[in-house]
Amino acid sequence: PFIYILFTAGAFRKRLAGELESALSIITSSYLRNENIIHAVEENLPYLQSPVLDAFQEFVAQCRFVSADVGVALDKLELRFTNVVFREWVAAIKSCQFDRNLKVTLFPIVSKLSDSRIVTGEVEVIMRQPMQSYGIMVFLLVGNPALLYFLNRNWFHILIDTLPGKACLAFSVLVILISIVGVARIARPVEFKR
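All of these numbers come straight from a predicted model, not from anything done at the bench.

Peer 1: Outline unusual backbone geometry, supporting the account with residue identities and numerical values.
Peer 2: Omega for the peptide link from serine 50 to proline 51 comes to 0°, which places this bond in the cis form. Mapped onto the elements of the fold, proline 51 is located in the loop between helix 2 (37-44) and helix 3 (52-66). Not every positive phi belongs to a glycine, and glutamate 35 is a case in point at roughly 60°. In this structure, glutamate 35 sits in the loop between helix 1 (2-34) and helix 2.

Rendered as C-alpha cells:
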C-alpha cells in the first residue's frame, strides 16, 4: 500500500501540474484581453478540470456572492495549491489589480510552469532507471528457482528441501522486501522548491 500511495500521489501531482499549466494559460490570455480577472475566470470555467476547476469556481463564487473584494478571494485561491509557480501567478494577478502595466509579467510566469513541468518529466525518466534495474534483478532472483527446476532438478530439490536452501530463499525474500522501500524512496517524484 505504501508504494501504491507514493506512485498515486506522484501521478496526481503530475496531472495537477498539467491542469494548472493549461488553466493559467487560458485564464491569462482572457485576462490580457479584458483586464477583469473575474470575467476571465468565468469564461474559461467550462474548459477547466478538477481539482483546478473547483478552486476557480470557489474564487468566482467568493467574488460574486460573498465579497466584492477580489484581493481576499485571490488570497484564498493562493492557498488552494502548494505549487510555487501558481502562487507567483496569483501574486502577479494581485499586483495587476493595482497596476495594469504589470500584465506583461503573467506569460513568463505561465511559461515557467511549463518549463518546470518539462524538466520534472526529464528528471523522472532518469529516476525511473533504478526502478527498472531493480525490477529486472527481482525477476532474476525470483526466477532462479524455477530455472533450476528445468535445468537441474537435483539442485532444485536441494534448494527447496534442505535447511541451507530454505535459508537462502528466506534471505532472498528478506532482501527483496527491505530493498522495496529503498528503491521507492529513490524513485519518488521530484518536486522543485525554492
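Peer 1: Provide a residue-level description of the nonpolar core, including the pertinent values.
Peer 2: Counting 35 residues, the largest nonpolar core has Ile37, Phe56, Phe59, Phe86 and Trp89 as the members making the most contacts within it. Contributing elements (two or more residues each) for this core: helix 1, helix 2, helix 3, helix 4 (70-78), helix 5 (84-98) and helix 6 (106-151). The contact partners of phenylalanine 56, leaving out residues within four places of it in the chain, are Ala23, Leu24, Ile27, Val41, Leu45, Leu48, Leu77, Phe86 and Trp89.

Peer 1: Explain the state of the cysteines to me, using residue names and the numbers behind them.
Peer 2: By the definition in use, this model includes 0 disulfides. Cysteine 63 takes part in no disulfide bond, and the closest cysteine sulfur, belonging to cysteine 96, lies 15 Å away. Look at cysteine 63 and you get buried, because its relative accessible area is 9%.

Peer 1: Hey, could you go over the packing of helix 6 against helix 7 (residues 153-161) for me, with residue numbers and the actual values?
Peer 2: Look at helix 6 against helix 7: their axes get within 6 Å of each other, and the N-to-C directions meet at 140°. Between helix 6 and helix 7, the angle is such that the two are oblique. Of helix 7, the residues touching helix 6 (which contributes Pro145, Leu148, Tyr149 and Leu151) are Arg153, Trp155, Phe156 and Leu159. Looking at the contact of helix 6 with helix 7 residue by residue, the class counts come to 7 nonpolar, no polar and 1 charged.

Peer 1: Any details on the environment of phenylalanine 171? Residues and values, ideally.
Peer 2: Mapped onto the fold, phenylalanine 171 is located in helix 8 (residues 163-186). Residue classification places phenylalanine 171 among the exposed positions, given a relative accessible area of 54%. Through-space distance from the C-alpha of phenylalanine 171 to that of isoleucine 126 is 30 Å; in sequence the pair is 45 residues apart.

Peer 1: Lay out the packing of aromatic side chains with the relevant residues and their values.
Peer 2: Applying the stated criterion across every chain yields a total of 6 aromatic pairs. Aromatic side chains phenylalanine 81 and phenylalanine 86 sit 5.2 Å apart centroid to centroid with 85° between the ring planes, which places their arrangement in the edge-to-face category. Like phenylalanine 81, the residue phenylalanine 86 is buried in the burial classification. Summarising the aromatic geometry, the rings of tyrosine 149 and phenylalanine 156 are spaced 5.1 Å apart at their centres and angled 80° between planes, so their arrangement reads as edge-to-face. Judged by its relative accessible area of 31%, tyrosine 149 is partly exposed. An aromatic cluster is built from Phe56, Phe81, Phe86 and Trp89, whose rings are joined through pairwise contacts. Directly above the aromatic system of tyrosine 149 lies the positively charged group of arginine 153, at a separation of 4.3 Å from the ring centroid.

Rules and cut-offs
Residues numbered from 1 in each chain as written. Predicted model: local features only at pLDDT ≥ 70, side-chain atom pairs only at ≥ 80, totals over all residues. Heavy atoms only, no water. Helix = DSSP H or I, 4+ residues; strand = E, 2+ residues; numbered from the N terminus. Core = buried A, V, L, I, M, F, W, Y, C linked by side-chain atoms within 4.5 Å. Buried < 20%, exposed > 50% of the residue type's maximum accessible area, 1.4 Å probe, protein only. Contact = heavy atoms within 4.5 Å. Disulfide = S-S within 2.5 Å. Axes fitted to C-alpha atoms, helices over the stretch in contact; angles between N-to-C directions. Parallel < 35°, antiparallel > 145°, perpendicular 65-115°, else oblique. Nonpolar A, V, L, I, M, F, W, Y, C, P; charged D, E, K, R; others polar. Phe/Tyr/Trp six-rings, centres within 6.5 Å; stacked < 30°, edge-to-face > 60°. Lys NZ or Arg CZ within 6 Å of the ring centre and 35° of its normal.

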